[in-house]
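# Remarks on the overall topology
Chain by chain, the residues run as shown.
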Amino acid sequence: MKKNSKKPAYAKLKGKDFLSVDDLSIQEIKSLFELAADMKKKPKKYSKALEGKMLALIFEKPSLRTRTTFTVGIHTLGGSSIDYPPGDNILGKRESVFDVAKNLERMVDGVMIRTFGQDVVTSFAEHASIPVINGLTDYEHPCQAMADFFTITEYKKNLKNLKISYIGDGNNVTHSLLLMGGKWGTTFCVATPPGYAARDEVVQRAKELAAKSSGSIIITNDPIEAARDADVIYTDTWTSMGQEAEAIIRRNIFKPYQVNRELFSHAKPDALFMHCLPAHRNEEVTDEIIDSPNSVVFQEAENRLHAQKAILYALMR
Ligand code: CP
Ligand code: NVA
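Residue numbering note: each chain is counted from 1, following its sequence as written. Whichever chain is written first becomes A and whichever ligand is written first becomes 1, with later ones labelled in order. Confidence filtering applies because this is a predicted model: local features only for residues at pLDDT of at least 70, side-chain atom pairs given and counted only at 80 or more, and all residues used for totals across whole chains, interfaces and linings. As a convention, hydrogens and water are excluded, and side-chain values are obtained from all of the structure's heavy atoms.

Should their charged atoms come close, side chains of opposite charge can pair. In what follows, salt bridge is the name for a side-chain nitrogen of Lys or Arg lying within 4 Å of a carboxyl oxygen of Asp or Glu. One pass over the structure, following the stated rule, counts 18 salt bridges. As a salt-bridge pair, Arg67 and Asp83 come within 2.8 Å of each other at their nearest N and O atoms. One end of the pair, Arg67, is in helix α2 (residues 65-76); the other, Asp83, is in strand β2 (residues 80-84), and 16 residues separate them in sequence. Whether a residue is buried, partly exposed or exposed follows from its accessible area with a 1.4 Å probe, protein chains only, as a fraction of its type maximum: under 20%, in between, or over 50%, in that order. Residue classification places Asp83 among the partly exposed positions, given a relative accessible area of 31%. A salt bridge links Glu208 to Arg205; the nearest nitrogen and oxygen atoms lie 2.8 Å apart. Of this pair, Glu208 and Arg205 both sit in helix α7 (residues 200-213), three residues apart, roughly one helical turn. Judged by its relative accessible area of 44%, Glu208 is partly exposed. Three or more residues joined by partner-sharing salt bridges are found here, namely Asp22, Lys183, Arg205 and Glu208. A run of H or I in DSSP counts as a helix once it spans at least four residues, and a run of E counts as a strand once it spans at least two, with each numbered from the N terminus.

Put into structure tokens, the structure is as follows:
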């Protein structure tokens, strides 16, 4: 019998950038999840997959998970990494983003960037001939959303039947999750305080995607409406990196959105609790919820590694 030589959907991603969840089709996402699952099960099989490849990691904000998982990820695929910490100020301060892109494309095989403006990663990617990966901007955190939905597929069967609810600040993580929810055809609900909603153009795009995937996007100010019968409850910090000056005022405004025992009791009994981390314990989530059997936050953190290894392989091989 002829061997099935059909290429996986991720094959088309070679050499491309990953700046937004919207850069990937649902077929590409699903094929990356299959690859991530295989890499998680059989890591040794891929230990030379990116042999000789060098990944630059540029951080303009702090990081534990993103730094560790990208570093471990590229090394366990046989490649190497070089790390630029926030103090190096290499993007636009010491020299222009254009000049950094034109230098690094001659020296490394891929770049991951964590910065403030989405325009910085877009402009870098425009000028560099090598793959560029968004490791978090103020606008999106696409690698996080990949790991999050990969985690959900490990626990729940048909994502189309799920109600996934994000409760808290309408931020970068919310944006990437909204786009992912729209692509998968889930019921994706976001509850934020008035004035802290996700950006309108992202909500509109998520609704367009949901219309095609038979999903739905629900936007509300009511945390109980979001929690009711949810299969997944997700929250994130009320004060993202760069917003530290607003921390005190935000702490008061967001109090009704704390994921605690009362709010979680509206969800299904087997609902998952998720958080991208770092968590501010007893602010956006209480200890009893983040430490409960429903919480999958550390599995989620580990899955950053497997999901990103799949992304690195697809883009950089
Ligand atoms: N979730 C996440 O991106 O964690 P770090 O900020 O520690 O990288
Ligand atoms: N919204 C958070 C996510 C941290 C991983 C921030 O931007 O600080």
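So, on to the sheet that holds strand β8 (residues 232-235). Judged by pairing direction, the sheet is parallel, and its five strands sit side by side in the order β7-β6-β5-β8-β9 without closing on themselves. Taken across any chain shown, the strands that pair with only one partner, and hence form the sheet edges, are β7 (216-220) and β9 (272-275). The average undirected angle you get between the axes of adjacent strands in this sheet is 20°. Here five bridges tie strand β5 (residues 163-167) to strand β6 (residues 187-191), and the two strands are oriented parallel to one another. Along β6, the bridge assignment pairs Tyr166 with Val190. Seen against the sheet, helix α12 (residues 297-316) touches β8 and β9 and runs at an angle of roughly 50° to β9. Pairing between strands is defined by DSSP: at least two bridges between the two strands are required. Fitted lines through C-alpha atoms give the axes, limited to the stretch in contact for helices. The angle between two N-to-C directions lies from 0 to 180 degrees. It only takes one pair of heavy atoms within 4.5 Å for two residues to be counted as in contact.

What follows is about helix α6 (residues 172-184). Here, expected helix span is obtained from the residue count minus one, scaled by 1.5 Å. The first and last C-alpha atoms of α6 sit 19 Å apart over 13 residues, in line with the 18 Å expected at 1.5 Å per residue. Taken across its 13 residues, α6 has 13 buried, putting it largely inside the fold. By the criterion applied in these results, polar contacts are pairs of N or O atoms within 3.5 Å in which, for protein atoms, one can donate a hydrogen and the other can accept it, and in which residues neighboring in sequence qualify only through two side-chain atoms. With a side-chain oxygen positioned 3.0 Å from the backbone nitrogen of Val173, the residue opening α6 is Asn171. Immediately downstream of α6, the backbone of Gly185 shows phi near 80°, a positive value.

Turning our eyes to something else, we now look at the layout of surface pockets. Space inside the largest pocket adds up to approximately 570 Å³. For the largest pocket, the lining is made up of 34 residues, of which Leu136, Asn172, Thr237, Ser240 and Met241 are closest to its centre. Where the lining of the largest pocket is concerned, the elements lending two or more residues are α2 and α6. Among the elements that make up the lining of the largest pocket, the one with the highest residue count is α6 (three residues). Classification convention: Asp, Glu, Lys, Arg as charged; Ala, Val, Leu, Ile, Met, Phe, Trp, Tyr, Cys, Pro as nonpolar; all other residues, Gly among them, as polar. Its residues assigned to classes, the lining of the largest pocket comprises eleven nonpolar, 14 polar and nine charged. We place a 1 Å grid over just the protein atoms. Points where a 1.4 Å probe fits but has no way out form a cavity, open points with protein on both sides within 12 Å along at least 5 of 7 lines form a pocket, and any residue with an atom within 4 Å of a point lines it. Grid points are joined across faces, edges and corners, and a volume is the space filled by probe spheres set on the points.

A separate point is the site of ligand 1. Nearness of a residue to a molecule or strand requires only that one of the residue's heavy atoms be within 4 Å of it. Residues in contact with ligand 1, as listed here, are Ser63, Leu64, Arg65, Thr66, Arg114, His141, Gln144, Cys276, Leu277 and Arg304. Taking Gln144, its side chain carries an N or O atom lying 2.9 Å from a nitrogen atom of ligand 1. Arg304 is positioned with one of its side-chain polar atoms (N or O) 3.0 Å from an oxygen atom of ligand 1. In isolation ligand 1 has 250 Å² of accessible area, and contact with the protein removes 95% of it. Each molecule is checked against the cavity or pocket grid, and it sits inside if more than half of its atoms lie within 2 Å of the grid points. Spatially, ligand 1 is embedded in the largest pocket. In terms of residue class, the shell around ligand 1 is made up of three nonpolar, four polar and three charged. Shrake-Rupley sampling with a 1.4 Å probe provides the accessible areas, and residues are treated as covered by the protein chains on show and by no other component.

Within the structure, ligand 2 sits among Leu136, Asn171, Asn172, Val173, Asp236, Thr237, Ser240, Met241 and Leu277. At 3.3 Å from a nitrogen atom of ligand 2 is found a side-chain nitrogen or oxygen belonging to Asn171. Separating a nitrogen atom of ligand 2 from a side-chain N or O atom of Asp236 is a distance of 2.7 Å. For ligand 2, whose unbound accessible area comes to 270 Å², protein coverage reaches 95%. Class assignment of the residues belonging to the shell around ligand 2 gives a composition of four nonpolar, four polar and one charged.

Below, the discussion takes up the pairing of β8. Side chains of β8 alternate between two faces, with Val232 and Tyr234 and Ile233 and Thr235 buried alike. Here β5 runs beside β8; their pairing, made up of three bridges, is parallel. If you follow Ser165 over to β8, its bridge partner there is Ile233.

Here the focus is helix α3 (residues 97-104). Buried within α3 are the following residues: Val97, Val100, Ala101 and Leu104. On an axial view of α3, the arc spanned by its buried residues comes to 100°, and they lie on one face. Close packing links the buried residues of α3 with β1 (54-59), β2, β3 (110-114) and α4 (118-127). Think of it as the arc spanned by the lines of direction from the helix axis to the C-beta atoms.

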